[in-house]
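Structural description and commentary
Chain residues, written in single-letter form:
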Amino acid sequence: MTAVPTFRAPAARVRNLTKTYGAGEALIRALDDVTLDLGAGEFTAVMGPSGSGKSTLMHCCAALDTADSGSVFVGDQDLSTLKDKALTRLRRDEIGFVFQSYNLVPTLTAEENILLPLAIARRKPDPEWYDSVISTVALGDRLRHKPSELSGGQQQRVAVARALVSRPRIVFADEPTGNLDSRSGAEVLALLRRSVDEHGQTVVMVSHDPVAAAWTDRVVFLADGRVVDEVSHPTREQVLEVMARVSGPQSHSA
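Described in the following lines is the structure provided in the data block. Small disclaimer: the values here were computed from a predicted structure and weren't measured.

Another point: the packing of helix 5 (residues 152–164) against helix 6 (residues 182–199). Their axes nearest at 9 Å, the elements helix 5 and helix 6 cross at an angle of 20°. Regarding the angle of helix 5 to helix 6, the classification is roughly parallel. Considering only the axes of helix 5 and helix 6, their crossing is right-handed. Across from Gly-153, Gln-156, Arg-157, Val-160 and Leu-164 in helix 5, the residues of helix 6 making contact are Ser-184, Glu-187, Val-188, Leu-191, Leu-192 and Ser-195.

Rendered as structure tokens:
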């Protein structure tokens, strides 16, 4: 007898999302009627050629940008209905964000950077969860160091810990390995993978790297602002094959 899979509500839902820039002949349709579920407790990659809309999609989902039409739900909250104060609270409490450029405060120690979102919210960390995050990112002996005293990989692990420490519903990572060598990149990807497998975290990563995508549970491919394909349990080879197909003549611009 086969087990019936348990249904989990998506961590985020995108419905008919459209976003344009410019006007007239210069109009660019960054997102064109995108509908997508982002599964809870899953590691999802969003890929596509340059200009396909992947960063725009992530920024709309993370409440960093607004669409022209359509809806984004984080949990059961429709972002388009929230006022500024409620949106700020949602970004603080429900969403973690990892930037390609780390975005650490240079004058603060690694520990102070990790705890910064909680300090701003005037919340104390859950000691058990904090210890778990620090152990997962393997930074216990670097907590008193400033960013300038850390390698790129260590700085990005601080940024990931900062995104995880408030236990957000969903973590968005925008090209988190883009500035790293392959070894440091693998450390960050292993960390994101572990946060999903061991802590049930939901992670959505924009990437152009098929090796990075192979760490994920699912890859969603965009082209010209639309979802054009997806692959579950991807391998590097599968990702390369789909990317070549969806990129077409612009395959070298991704």
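A few words on the packing of helix 3 (residues 110–120) against helix 5. A packed helix pair is summarised by two numbers, namely the angle formed by the two axes and the spacing between the axes. One can describe the packing of helix 3 onto helix 5 by two numbers: an axis separation of 7 Å at closest approach and a directional angle of 30°. Relative to helix 5, helix 3 is oriented roughly parallel. The hand of the helix 3/helix 5 crossing is right-handed. For the pair formed by helix 3 and helix 5, the contact residues are Ala-110, Asn-113, Ile-114 and Pro-117 on the first element and Val-158, Ala-161 and Arg-162 on the second. Residue composition of the contact of helix 3 with helix 5, by class: 5 nonpolar, 1 polar and 1 charged.

Attention shifts here to the side chain of Arg-162. Note on placement: Arg-162 falls in helix 5. It turns out Arg-162 is buried and unbridged, and the closest side chain with the opposite charge, Glu-112, is 12 Å from it.

It is worth spelling out the sheet that holds strand 8 (residues 203–206) at this point. Taken in spatial order, the 6 strands make up an open sheet running 6-7-8-3-9-10, and their pairing is mixed. The open sheet has two edge strands with one neighbour each: strand 6 (95–98) and strand 10 (226–232). Between one strand axis and the next, the sheet turns through 20° on average, direction left out of account.

One open sheet holds the 4 strands; their spatial order is 2-1-4-5, and the pairing between them is antiparallel. Among the strands making up the open sheet, the edge pair consists of strand 2 (28–38) and strand 5 (77–78). Summarising the sheet, strand 4 (residues 69–74) and strand 5 pair through 2 bridges and their orientation is antiparallel. The residue of strand 5 that forms the bridge with Val-74 is Gln-77. Lying over the sheet, helix 1 (residues 54–61) contacts strand 1 (12–21), strand 2 and strand 4, oriented at roughly 60° with respect to strand 2.

Turning our attention to empty space enclosed by the protein. Here the idea is plain: a probe the size of a water molecule rolls over the atoms and shows the empty space left. The tally for this structure, following the rule as stated, stands at 1 cavity of 30 Å³ or more. In this model, the largest cavity occupies a volume close to 30 Å³. If you trace the largest cavity, you find it lined by Leu-38, Val-46, Lys-54, Leu-57, Met-58, Cys-61 and Val-204. When residues in the lining of the largest cavity are grouped by element, the largest group, 4 residues, is from helix 1. Among the residues forming the lining of the largest cavity, the class breakdown is 6 nonpolar, no polar and 1 charged.

Scanning all chains against the criterion turns up 13 salt bridges. The shortest N-O distance in the salt bridge between Arg-92 and Asp-93 comes to 3.1 Å. For Arg-92, a relative accessible area of 32% corresponds to the partly exposed category. Between Arg-236 and Glu-237 there is a salt bridge whose closest N-O contact spans 3.5 Å. Overall, the relative accessible area of 39% leaves Arg-236 in the partly exposed class. Through salt bridges with shared partners, a single ionic network connects Arg-92, Asp-93 and Arg-123.

Definitions and cut-offs
- Residues numbered from 1 in each chain as written.
- Predicted model: local features only at pLDDT ≥ 70, side-chain atom pairs only at ≥ 80, totals over all residues.
- Heavy atoms only, no water.
- Axes fitted to C-alpha atoms, helices over the stretch in contact; angles between N-to-C directions.
- Helix = DSSP H or I, 4+ residues; strand = E, 2+ residues; numbered from the N terminus.
- Parallel < 35°, antiparallel > 145°, perpendicular 65-115°, else oblique.
- Left-handed = near helix turned anticlockwise from the far one by under 90°.
- Contact = heavy atoms within 4.5 Å.
- Nonpolar A, V, L, I, M, F, W, Y, C, P; charged D, E, K, R; others polar.
- Buried < 20%, exposed > 50% of the residue type's maximum accessible area, 1.4 Å probe, protein only.
- Lys, Arg positive; Asp, Glu negative; His and termini not counted.
- Salt bridge = Lys/Arg side-chain N within 4 Å of Asp/Glu carboxyl O.
- Pairing = 2+ DSSP bridges.
- 1 Å grid on protein atoms, 1.4 Å probe; cavity = no way out; pocket = protein on both sides within 12 Å on 5 of 7 lines; lining within 4 Å.
- Points joined across faces, edges and corners; volume = space filled by probe spheres on them.

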